[in-house]
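# Remarks on the overall topology
Below, each chain spelled out in residue letters.
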Amino acid sequence: DAGITQSPRHKVTETGTPVTLRCHQTENHRYMYWYRQDPGHGLRLIHYSYGVKDTDKGEVSDGYSVSRSKTEDFLLTLESATSSQTSVYFCAISEPFDRGTNTQYFGPGTRLTVL
Amino acid sequence: KQEVTQIPAALSVPEGENLVLNCSFTDSAIYNLQWFRQDPGKGLTSLLLIQSSQREQTSGRLNASLDKSSGRSTLYIAASQPGDSATYLCAVEDGETSGSRLTFGEGTQLTVNP
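Just so it is clear, the model here is predicted, and its values are computed rather than measured.

### What to know about the interface of chain A and chain B
Across the boundary between the two partners, chain A contributes 26 residues, which contact 25 residues of chain B. Together chain A and chain B conceal approximately 1,900 Å² of surface at their shared face, both sides included; 48% is due to carbon and sulfur atoms. For the pair chain A and chain B, the interface holds 1 salt bridge. When the shortest N-O distance is used, the salt bridge between Glu-59 of chain A and Lys-1 of chain B registers 3.4 Å. Where chain A meets chain B, there are 2 residue pairs in polar contact (both at pLDDT 80 or more). Elements represented by at least two residues in the side of chain A that touches chain B include exactly strand S4 (31-38), strand S5 (42-51) and strand S6 (54-57) of chain A. In terms of residue class, the side of chain A that touches chain B is built from 10 nonpolar, 11 polar and 5 charged.

Put into structure tokens, the structure is as follows:
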């Protein structure tokens, strides 16, 4: 298994509070991603990073921010959590040698509940 | 915008049966297509990646095919076992998106009954 950990694994918080989720990798992969998974929507990309301090928005980035100060860590922050952000969040990594061989490896997920 | 559809949404089969899962995508300008497996409460595990220039990939009892021009892929599972029970997702990486991003289908939930 790829060396990807996510913390915390479970979190319950209240509406309006800030929340930070952490993804840590030991594979030295250049690309890192944050997805959310919801019934009826599948996995949707929130933000991704293609290097230290290089990030870009995904399909559902509103209400989320990210930071990557080291190759191994990618943080996802909900500045003011809302109930619509209740979801399971997955981190993924990849090292695309070329676009045709870009396999993504996923972490175990974080289940976030916003009350 | 790329859209990925998986049919059926759920499938229940007896052990030993050969089965086919289907995936379709709307934009054929893809770099690759990947099949993943997800067990309940777990992350995704990559099963097979088919590059746009390839027609199929095989791993053990799994065979994935790709028909890029028609926007279709199939995942064939031979001699199914109860341990194959999981949700199977397909995802495409296409030329419209930058940064090696994937568009996922919603998955097919497979149950293999002993």
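### Focus: the packing of aromatic side chains
All names here are of chain B. Per the counting criterion, the structure on display carries 10 aromatic pairs over all chains. Taken together, a centroid distance of 5.6 Å and an interplanar angle of 40° make the contact between Phe-36 and Phe-104 tilted. With Phe-36 in strand S4 (residues 30-38) and Phe-104 in strand S10 (residues 102-104), this residue pair connects regions lying 68 residues apart in the sequence. Judged by its relative accessible area of 0%, Phe-36 falls in the buried class. Among the residues examined, Phe-104 registers a relative accessible area of 7% and is labelled buried.

### As for the nonpolar core
Judged by nonpolar contacts, the single largest core of 22 residues is most densely connected at Phe-25, Leu-33, Trp-35, Leu-75, Ile-77, Tyr-88 and Leu-110 of chain B. Elements with a contribution of two residues or more to this core: strand S3 (19-25), S4, strand S5 (44-51), strand S7 (62-67), strand S8 (72-77), strand S9 (86-94) and strand S11 (108-113) of chain B. The contact partners of Ile-77 of chain B, leaving out residues within four places of it in the chain, are Glu-17, Asn-18, Leu-19, Arg-61, Leu-62, Asp-84, Tyr-88 and Leu-110 of chain B. Listed in part, the 19 residues of the second largest apolar core include Ile-4, Ile-46, Tyr-64 and Ile-93 of chain A.

### A word on the sheet that holds strand S8 (residues 73-78) of chain A
All names here are of chain A. Strand order in the open sheet formed by 4 strands is S1-S3-S8-S7, with antiparallel pairing between adjacent strands. Bordering the open sheet on either side are strand S1 (4-7) and strand S7 (64-70), each of which pairs with just one other strand. Strand-to-strand twist in this sheet, taken as the mean axis angle between neighbours without regard to direction, amounts to 20°. Judged from the 4 bridges that link them, S1 and strand S3 (residues 19-25) form a sheet pairing that is antiparallel. Looking at S3, one finds that Ile-4 is bridged to Gln-25.

### Topic: the environment of Ser-61 of chain A
Residues and elements named next belong to chain A. Tracing the backbone through its elements, the reader meets Ser-61 in the loop between S6 and S7. Using a relative accessible area of 10% as the deciding quantity, one classes Ser-61 as buried. Separated by 27 residues in the primary sequence, Ser-61 and Trp-34 place their C-alpha atoms 9.8 Å from one another. Once residues within four sequence positions are removed from consideration, Ser-61 is found in contact with Ile-46 and His-47.

### Here's the deal with the state of the cysteines
Residue and element names in this part refer to chain A. Tallied over the full model, the rule gives 2 disulfides over all chains. The disulfide partner of Cys-23 is Cys-91, and the gap between their sulfur atoms is 1.9 Å. For the disulfide bridge between Cys-23 and Cys-91, the dihedral angle about the S-S bond is near -70°, and by the sign convention the bridge is left-handed. With Cys-23 in strand S3 and Cys-91 in strand S9 (residues 87-94), this pair connects stretches of sequence that are 68 residues apart. Given the relative accessible area of 0%, Cys-23 is considered buried.

### Digging into the pattern of salt bridges
All names here are of chain A. In the structure shown here, the tally under the stated rule is 8 salt bridges over all chains. A salt bridge links Glu-95 to Arg-30; the nearest nitrogen and oxygen atoms lie 3.1 Å apart. Linking Glu-95 in the loop between S9 and strand S10 (105-106) with Arg-30 in the loop between S3 and S4, this pair joins segments that are 65 residues apart in sequence. On the basis of relative accessibility, which here comes to 37%, the residue Arg-30 falls in the partly exposed class. A cluster of three or more residues bridged by salt bridges with shared partners is formed by Arg-22, Lys-70 and Asp-73.

About the cut-offs
- Residues numbered from 1 in each chain as written.
- Chains lettered and ligands numbered in written order.
- Predicted model: local features only at pLDDT ≥ 70, side-chain atom pairs only at ≥ 80, totals over all residues.
- Heavy atoms only, no water.
- Contact = heavy atoms within 4.5 Å.
- Buried area = accessible area lost by both parts, 1.4 Å probe.
- Salt bridge = Lys/Arg side-chain N within 4 Å of Asp/Glu carboxyl O.
- Polar contact = N/O pair within 3.5 Å; in protein donor to acceptor, adjacent residues only side chain to side chain.
- Helix = DSSP H or I, 4+ residues; strand = E, 2+ residues; numbered from the N terminus.
- Nonpolar A, V, L, I, M, F, W, Y, C, P; charged D, E, K, R; others polar.
- Phe/Tyr/Trp six-rings, centres within 6.5 Å; stacked < 30°, edge-to-face > 60°.
- Buried < 20%, exposed > 50% of the residue type's maximum accessible area, 1.4 Å probe, protein only.
- Core = buried A, V, L, I, M, F, W, Y, C linked by side-chain atoms within 4.5 Å.
- Pairing = 2+ DSSP bridges.
- Axes fitted to C-alpha atoms, helices over the stretch in contact; angles between N-to-C directions.
- Disulfide = S-S within 2.5 Å.

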